[in-house]
Amino acid sequence: STSPSGVEDFFSVCIAGAGAIGCHLAFLLLRAGCRVTLLARGENLARLRREGLCIRVEGELHQLPIRATDLPEEVGPVDYVFCTVKVSSWNSDFVEHLEPLLRPETTVIPPTTSIPHWWFHGVEGAWKGRALASADPAGTIARLIPADRVLGMTMWVSARRDNDVVEVVNTQRGYPLGELDGSVSRRLRRLSNALERGGGLAPVVTEIRAEIFIKVVNSLTFNVVALLGNVGNGMIADSPEAVKTLTAMMLECEKVASVLGLPLRQSAESRIRQTLQARAHVMSMLHDFRRGKPLELQPLWRSFEELAQVVGVQLPITSALVSVAALREQSLEFPNRDQST
């Protein structure tokens, strides 16, 4: 990968969030020769400083030195900022924390595990300029990170942290990237080329909203069914009723895509079959639930529910199932609520 001048294009990147996905992106960009810094906290930060980046990809263990800090001001302005924190942590306070990393030409890749704040940017017609209150209640994120500085990205990578090592289990389609207006810009090609130079998949797409929509619906529906059943993919695949429930939720959610005119590249039935082929996989929210960690279900659902309301689509099946699945998280917060005193 080279710049227009023919010189190798090694740019600066800061990745805010040192979970499994953030570490995988750091690994790819380090191998591509980019200047990478991870923003981390607590034990994650101590481990990175002590041992470097430990990651197993396709069965091969790698250990790479990496710059890591919890202070963005130690990093200064960079070319690209990836935000790989959980959507529950993506708020105006977090974005303000990132200000030292930003200059006018910095490109930001926000989380898209829910419907992002920029969804209606540049959209013509009835929803032109519409803001999503669930994603950005006070408009602070849009003010600090204007949509023209944003690249859209979604993640089709199965990765988890196993003790002190990040394990990348399946890269599927990797990290599809796209400009919000569907153009193919230099900054988009530059980032895609670097991720692929580092050994990853980063297809350039012209319909990034459709990509994000599919990922959000997959995440919402599969996590709800997994939480309700407290089971992994194998048991879901073996239950015709569970598959029927997944299908009903997905088809209901896809009514939103139909109203928006989003071209979905794969049917609900095909996505279900493909996902359930990974029989040993446990959905991320069930994994978090079993470890007593907060879930992303509510912010994910609120963003999708608001999008559906904006375009006038009712989601009775999905709404009912999400409400019941949300009791799982409440059981973590109030474990003794049902016990007599």
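You'll find the structure just up there.
Residues numbered from 1 in each chain as written. Predicted model: local features only at pLDDT ≥ 70, side-chain atom pairs only at ≥ 80, totals over all residues. Heavy atoms only, no water.

Chemist: What exactly am I supposed to notice about the pairing of strand E3 (residues 53-57) here?
Modeler: In regular strands, side chains alternate between the two faces of the sheet. When you tally the buried positions in E3, you get four out of five residues, the bulk of the element. Inspection of the sheet shows E3 paired to strand E4 (residues 60-64) by five bridges, in the antiparallel sense. Note on E4: the bridge partner recorded for Leu-53 is Leu-64. The hairpin turn running from E3 into E4, its antiparallel successor, is two residues long, and Glu-58 in that turn takes a positive phi close to 50°. (Buried < 20%, exposed > 50% of the residue type's maximum accessible area, 1.4 Å probe, protein only. Helix = DSSP H or I, 4+ residues; strand = E, 2+ residues; numbered from the N terminus. Pairing = 2+ DSSP bridges.)

Chemist: Just checking my understanding: could you explain the sheet that holds strand E10 (residues 165-174) for this structure?
Modeler: In any sheet, the strands associate via hydrogen bonds between backbone groups, in a parallel or an antiparallel arrangement. The strand order across the open sheet formed by four strands is E4-E3-E10-E9, and the pairing between neighbours is mixed. Strands at the two margins of the open sheet, each flanked by one partner only, are E4 and strand E9 (156-162). Along the sheet, successive strands turn relative to each other by an average axial angle of 25°, direction set aside. On the sheet, helix H2 (residues 42-51) packs against E3, E4 and E9 and is oriented at approximately 90° with respect to E3. (Axes fitted to C-alpha atoms, helices over the stretch in contact; angles between N-to-C directions. Contact = heavy atoms within 4.5 Å.)

Chemist: Whenever I open this one, the packing of aromatic side chains confuses me. Can you help?
Modeler: Two aromatic rings, taken as a pair, are described by how far apart their centres are and by the angle between their planes. Applying the stated criterion across every chain yields a total of five aromatic pairs. A ring pair is formed by Phe-120 and Trp-127, whose centres lie 6.3 Å apart and whose planes are at 40°; its orientation type is tilted. Pairing Phe-213 with Phe-304 gives two aromatic rings, centres 5.5 Å apart and planes at 50°, and the pair type is tilted. Placement of the pair is Phe-213 in helix H7 (residues 208-229) and Phe-304 in helix H12 (residues 297-311), with a sequence separation of 91 residues. Look at Phe-213 and you get buried, because its relative accessible area is 1%. On the basis of relative accessible area, Phe-304 is assigned to the buried category, the value being 0%. Directly above the aromatic system of Trp-156 lies the positively charged group of Lys-215, at a separation of 4.6 Å from the ring centroid. One Lys or Arg, Arg-265, reaches over the ring of Trp-156 and ends 5.7 Å from the middle of that ring. (Phe/Tyr/Trp six-rings, centres within 6.5 Å; stacked < 30°, edge-to-face > 60°. Lys NZ or Arg CZ within 6 Å of the ring centre and 35° of its normal.)

Chemist: What is the right way to read the sheet that holds strand E2 (residues 35-39) from this model?
Modeler: The strand order E5-E2-E1-E6-E7 describes an open sheet built from five strands, whose pairing is parallel. Of all the strands in the sheet, the pair left with one neighbour each is strand E5 (67-69) and strand E7 (107-109). Mean inter-strand twist for the sheet, computed between neighbouring axes without regard to direction, equals 20°. Relative to strand E6 (residues 80-83), strand E1 (residues 12-16) runs parallel, the two sharing four bridges. The residue bridging Val-13 from the neighbouring strand is Tyr-80, located in E6. Along the sheet, H2 contacts E2 and E5; its crossing angle with E5, the most-contacted strand, is approximately 150°. Contacting E6 and E7, helix H6 (residues 186-197) runs over the sheet at an angle of about 65° to E6.

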